[in-house]
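Residue strings, one per chain:
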Amino acid sequence: MWTLKYYNCECCGSDFVSCKALKYHFQQKHFGKVHYEKFGQEVLREKLQDHSKSLHDRSAMETHKLNWENLEERNIKHMAAEISKTCRMCSRHFGTILSREKHEIQEHHFTARKRAQMSTGFSPHNMLECKSPQELQRFADKNIRPASGHLSTACVAEIGALFKLIQDCFPVPASRVIQGGSYIKGTDTQGCSEIDIVLFSDVFANVNHCKKQLRDALDALRENLKQTSCGNRILMGKRAPLSLRFNFLCTEGLHNHSFEIMACYDVLGHAPSTDLKHLYRKLYLCNDSDSAQLCALALLPYQVDFVKASVVRVKELIRLMIHWFKTSFAKSTEENKFRRLPSSYTVELLTIHIWELAGKPLLFSLVQGMRAVLKLLVRYTEIDVVWHRHYHPKFPIFVKVNQKHTRPFILDPVNPTVNVCDTCNAWDEVALVARHSLLKPLFSRVPYHSRKSGQF
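Residue indices begin from 1 for each chain and proceed along its sequence in written order. Local features are withheld for residues below a pLDDT of 70 in this predicted model, meaning they are given only at 70 or higher, and side-chain atom pairs are given and counted only at 80 or more; totals for whole chains, interfaces and linings count all residues. To get the side-chain values, all heavy atoms of the structure are used, and hydrogens and water are removed first.

As recorded in an unreviewed UniProt entry, the protein chain goes by C2H2-type domain-containing protein and comes from Felis catus. UniProt positions are given in the numbering used here, feature names are shortened, and annotations may be inferred rather than shown by experiment. Recorded in UniProt under Sequence similarities (unreviewed entry), the annotation for the protein chain is "Belongs to the 2-5A synthase family."

The following block contains the structure:
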């Protein structure tokens, strides 16, 4: 019996018999429009912006349209200690994680029952319901892996054109430009494609001068981009202190990329050296989080190279784990709006660590790989990971950071001053959801020896 495959429009729910028909429908009915919640219908973006009360409504629309929590986590590495010790309910900061947890119990009655209610939120048709590795592979091909072939080629062309446009629209000349994010690393998914762009300019005399000029430069870039031919495909995000954020719609593939544009004085110079010790000292001694964050932008290419060096199979596993984080947790509510889950970079490093523990196999079962990562998340207090590719075990800064670290601990492989696990204040929720996930059908047929060892 032949079955007819339907292509569903995510905007209105209509079904179509071909991808081409769906694309035509989208361009005719939804392109350039946004959902206006107040009236329960779609309106042209221009009309929404001209509305006398659009400021508040547009903010609500952008929050609904874009995953701002995901965008925010990409630029918080130097505020990590602040986040891990910040209450997920009221954002109050504490000296230790234990003090923060006691406060959440006493002041917000954050009991085990309440944690369970606020954490678990498996989406319908979750990949954990797959009953075999083959079914998981089909699910990943359809719902997670980015488009290939001519769609991928067209996407590369559109991103390349926008990349040049950003440089042209930046109000001061850029002496060096670097890129990062999941799209550049090759770990992007259909629902999560991030592109970070850092523009270095000699106009900035130093980091402090950059801090003073940055807001005006980014505001000018924001307005310039709106006036370009791509302006109707760019949905600007909320203003951030050190970056410009927006979503860009690729017309060929009908998908979004979340951009984050940053600019800074080039602390490493036009021809960066592989010796980063002087930058590490600067970061360690820096007491201003904004300055530290701007200085650390120069390390972005090294972070990209670290992840890109992984084999293709590891990147497939990373995509699955990122998708798991996006589809297994309950959405934050007004009550726990300050909850922060691990950043995508943390997920990438944790997955690479598990792969290295298994002996760096070129081929392995994705199901067993996922199970190994989830088992470690359940035991998150045992996570203690360090790489020594950019700094020596006897490097004084590493020694000092390592002596007073707390678990979970994953030291950034290119920055010995940052524990990337500190970008999360909800590891207990991560462990709970991971424990529930291991009971799902996907893992019911994992061989006993793999269950016991937690390895690939």
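Anyway, onward from the coordinates.
Asks: What should I look at first to understand the overall build of the protein chain in this one?
Replies: In this text, helices come from DSSP runs of H or I with a minimum length of four residues, and strands from runs of E with a minimum of two, each type numbered from the N-terminal end. Each helix and strand counted, the protein chain has 20 helices and 11 strands in total. Evaluated residue by residue, the protein chain yields a buried proportion of 51% over its 456 residues. In the protein chain, 67% of the contacts between residues at least 6 apart in sequence involve partners at least 24 apart. For the exposure calls, accessible area comes from a 1.4 Å probe over protein chains only, and a residue counts as buried if that area is under 20% of its type's maximum, exposed if over 50%, partly exposed in between. Here a residue-residue contact requires only that any non-hydrogen atoms of the pair lie within 4.5 Å.

Asks: Mind showing me how you'd approach the sheet that holds strand S8 (residues 244-250) here?
Replies: Any two strands between which DSSP finds at least two bridges are classified as paired. The strand order across the open sheet built from five strands is S5-S6-S9-S8-S7, with neighbouring strands paired in mixed fashion. Two strands in the sheet have a free side with no partner beyond their single neighbour: strand S5 (176-180) and strand S7 (234-236). Pairs of neighbouring strands in the sheet enclose a mean axial angle of 25°, with direction left out of account. In this sheet, strand S6 (residues 194-200) lies alongside S5 in antiparallel orientation, the contact comprising five bridges. Within the sheet, the bridge partner assigned to Ile 178 lies in S6 and is Val 198. A fitted line through C-alpha atoms represents every axis, and for helices the fit uses only the stretch in contact; the resulting angles, taken between N-to-C directions, go from 0 to 180 degrees.

Asks: What exactly am I supposed to notice about unusual backbone geometry here?
Replies: It is generally the case that most residues other than glycine have a negative phi and that most peptide bonds are trans. With an omega of 5°, the peptide bond between Arg 407 and Pro 408 qualifies as cis. Within the secondary structure, Pro 408 is located in the loop between helix H18 (396-403) and strand S11 (409-410). In this structure, Ser 91 takes a positive phi of about 70° despite not being glycine. Of note, Ser 91 is situated in the loop between helix H5 (80-84) and helix H6 (97-108). Positive phi values are uncommon outside glycine, yet Lys 360 reaches one of about 55°. With respect to the element layout, Lys 360 can be found in the loop between helix H16 (344-357) and helix H17 (366-378). For Lys 360, a relative accessible area of 44% gives the class partly exposed.

Asks: Looking at this structure, how should I read the packing of aromatic side chains?
Replies: Given two aromatic rings, one states the distance between the centres and the angle between the planes to describe the pair. Put simply, two rings from Phe, Tyr or Trp (the six-membered ring, in Trp's case) pair if the centres are within 6.5 Å, and we call them stacked under 30 degrees between planes, edge-to-face over 60, tilted for the rest. Tallying each qualifying case throughout the model produces 10 aromatic pairs. On the numbers, 6.2 Å between centres and 15° between planes, the contact of Tyr 380 with Trp 427 is stacked. With a gap of 47 residues between them, Tyr 380 in the loop between H17 and strand S10 (384-385) and Trp 427 in helix H19 (residues 427-437) connect regions that are remote in the sequence. In terms of burial, Tyr 380 and Trp 427 fall into one category: buried. The rings of Tyr 280, Tyr 391, Phe 395 and Phe 398 are connected pair by pair, giving a single aromatic cluster. Charge over a ring is defined by NZ of Lys or CZ of Arg lying within 6 Å of the ring centre and within 35 degrees of the ring normal. Above the plane of the ring of Phe 364 lies Arg 313, whose end atom (NZ or CZ) is 5.9 Å from the centre.

Asks: Looking at this model, I keep getting lost on the environment of Phe 248. Mind explaining?
Replies: Within the secondary structure, Phe 248 is located in strand S8. A relative accessible area of 0% means that Phe 248 is categorised as buried. When the C-alpha positions of Phe 248 and Ile 159 are compared, they lie 9.0 Å apart, and in sequence the two are 89 residues distant. Beyond its immediate sequence surroundings of up to four residues, Phe 248 is in contact with Glu 158, Ile 159, Leu 162, Cys 230, Arg 233, Ile 234, His 255, Asn 256, His 257 and Phe 259.

Asks: I would appreciate a short explanation of the confidence of the model for the protein chain in the present structure.
Replies: Interpreting fine coordinate detail is not advised for predicted regions of low pLDDT. Per-residue confidence from the predictor is given as pLDDT, running between 0 and 100. For the protein chain, mean pLDDT is 86; residues scoring 70 or higher make up 82% of the total. The lowest-confidence element of the protein chain is helix H3 (residues 54-65), averaging 38 in pLDDT; the highest-confidence one is S10, averaging 98. Within the model, the stretch residues 35-40 combines pLDDT values under 50 with 12 contacts to residues more than four positions away or in other chains. Low pLDDT, under 50, characterises residues 51-79; the predicted model gives this stretch 72 contacts beyond four residues in sequence or across chains.

Asks: Please explain the pairing of strand S9 (residues 255-264) as it appears in this structure.
Replies: In regular strands, side chains alternate between the two faces of the sheet. Here S9 lies mainly inside the structure; eight of its 10 residues are buried. Two elements, S6 and S9, share seven bridges in a ladder whose sense is parallel. Bridged to Leu 199 within S9 is Ala 263. Bridge analysis of S8 against S9 gives seven bridges, and the strand direction is antiparallel. Bridging across to S9, Leu 244 finds its partner in Ile 261.

Asks: For this particular structure, what's the right way to read the environment of Phe 170?
Replies: Of note, Phe 170 is situated in the loop between helix H9 (150-169) and S5. Residue class for Phe 170 comes out buried when judged on its relative accessible area of 5%. In sequence terms Phe 170 and Leu 225 are 55 residues apart; their C-alpha atoms lie 8.9 Å from each other.

Asks: For this particular structure, what's the right way to read the pattern of salt bridges?
Replies: A side chain with one charge can pair with a side chain of the opposite charge if their charged atoms come near. The salt bridge criterion pairs a side-chain nitrogen of Lys or Arg with a carboxyl oxygen of Asp or Glu, the two atoms within 4 Å. The full count for this structure, using the stated rule, is 25 salt bridges. Between Lys 164 and Asp 168 there is a salt bridge, with its nearest N and O atoms 3.1 Å apart. With a gap of four residues between them, Lys 164 and Asp 168 both fall in helix H9, about one helical turn apart. A salt bridge links Lys 226 to Glu 223; the shortest N-O distance between them is 3.7 Å. Highlighted residues: Lys 226 and Glu 223, both in helix H11 (residues 207-226), separated by three residues, approximately one helical turn. On the accessibility criterion, Glu 223 (35% relative accessible area) is partly exposed.

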